[in-house]
Amino acid sequence: MNWNSDYERCELCPRRCGVNRLAGERGACGETATCHVASFGPHFGEEPCFTGTRGSGTIFFRGCACGCFFCQNYQISRGGLGETMDNDGLFRAAEALIARGVHNLNFVTGDHFWPHIAELARRLRGAGHRLPLLLNSSGYLLPERVAEYARRMDIFLPDYKFADADLARQCMGAADYPETALAALREMVAARGFLFPFDPTGRETAREGVLVRHLVLPGHVENSLRALRRLRDEFGPRLPISVMSQYRPVPRCRGRGDFARRLTSAEYAAIRAEITALEFEHVFIQEFEPDDAFFPDFESERPFRGNPE
Ligand code: SF4
């Protein structure tokens, strides 16, 4: 890794802004080369295979290269919440999480701070920590960077948000999302395989591989159906997937049609039926009305009420 060149002329993600983040410039992710972390702690709202009994060691980074207007984490992806954390601070935070017994370290939307994460991973392994490291991303990654990620990360948890290029353009200004994210996903599966072990009870937590997430958007069932079919066509029925119903309209959704409401049970039922029809074998399906205790409020001392104090 070349720290300077990665931040100096930033092309860390498909936006390829080319800005000098070391000099304080900001690209589409909104971040300079100063790392900001919005929250870290054991998290019990992830899929059981990551949460287990002691939680997933989440580190939520500030900023995001996607910038979807409906972002459920908008307070940190665009709202500017977060504390500066240098390499030593990240290492201390990671070790504090490990000391609490978390099953993995879960880097949430941190690809725009990849040089910091890579350095942290190097130091953690050097210090003898062997727990799985997990890159939790929007899926909008450069395919040619995945091999580099795979050298440091054991688990990939990417979204596949949009199969509809026009919807991707409307939501995040990037019509290439469906193809770019799929190409990156192919590289992730080639590098790390499917999630293993896949224990839906969480008694055995995951050690390696790929699980793909998809958030169903209100009024856009067709996008979800296309996404599921595309994933099934590309990777077959053994691809582990996690389908989520937890969409909530955030302030920027006002006046944006269906995005200003919640998902309906009929919409979600259509998605469930398609998952069955496509015969996916390894599936997490969030219940229709999941616990709001895991809808984040990063302005709170406890961003996730559902997590133990
Ligand atoms: S990481 Fe940020 S600055 Fe770099 S290319 Fe992506 S959006 Fe642009």
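Residues numbered from 1 in each chain as written. Predicted model: local features only at pLDDT ≥ 70, side-chain atom pairs only at ≥ 80, totals over all residues. Heavy atoms only, no water.

S.K.: Which parts of the structure should I look at to understand helix H4 (residues 87-99)?
M.R.: At 3.6 residues per turn, the α-helix brings residues three or four places apart onto the same side. Spanning 13 residues, H4 covers 18 Å between terminal C-alpha atoms, matching the ideal 18 Å at 1.5 Å per step. Among the residues of H4, Gly 89, Leu 90, Phe 91, Ala 93, Ala 94, Leu 97 and Ile 98 are the ones counted as buried. Those residues of H4 hidden inside the fold are in contact with strand E1 (36-43), strand E2 (56-61), strand E4 (105-108) and helix H5 (114-126). N-cap assignment for H4: the residue whose side-chain oxygen lies 3.2 Å from the backbone N of Asp 88 is Asp 86. (Helix = DSSP H or I, 4+ residues; strand = E, 2+ residues; numbered from the N terminus. Expected span 1.5 Å × (residues − 1). Buried < 20%, exposed > 50% of the residue type's maximum accessible area, 1.4 Å probe, protein only. Contact = heavy atoms within 4.5 Å. Polar contact = N/O pair within 3.5 Å; in protein donor to acceptor, adjacent residues only side chain to side chain.)

S.K.: It is not clear to me how the nonpolar core should be interpreted in this structure. Could you clarify?
M.R.: In summary, soluble globular proteins display a tendency toward joint burial of nonpolar side chains. Among the nonpolar cores identified, the biggest contains 81 residues, and Phe 70, Leu 105 and Phe 162 are the most heavily contacted of them. When residues in this core are grouped by element, the largest group, seven residues, is from helix H8 (residues 177-192). Not counting residues within four places of it along the chain, the set of residues in contact with Leu 105 comprises Gly 57, Ala 94, Leu 97, Ile 98, Leu 124, Leu 131, Pro 132, Leu 133 and Leu 134. Listed in part, the 10 residues of the second largest apolar core include Cys 49, Ile 155, Leu 157 and Leu 211. (Core = buried A, V, L, I, M, F, W, Y, C linked by side-chain atoms within 4.5 Å.)

S.K.: Help me understand the sheet that holds strand E8 (residues 212-215), please; the structure alone is not making it clear to me.
M.R.: As a general point, the strands of a sheet are linked pairwise by backbone hydrogen bonds and lie either parallel or antiparallel. Reading across from one edge, E8-E9-E10 is the order of the three strands in this open sheet, with parallel pairing throughout. Both edges of this open sheet fall to E8 and strand E10 (283-285), since each of them pairs with a single strand only. Looking at each pair of strands side by side, their axes are set apart by 15° on average, direction ignored. Sheet analysis places E8 next to strand E9 (residues 241-244), joined by four bridges and oriented parallel. Within E9, the position partnered with Arg 213 by the bridge is Ser 242. The sheet strands contacting helix H9 (residues 221-235) are E8 and E9, and the helix crosses E8 at an angle near 165°. (Pairing = 2+ DSSP bridges. Axes fitted to C-alpha atoms, helices over the stretch in contact; angles between N-to-C directions.)

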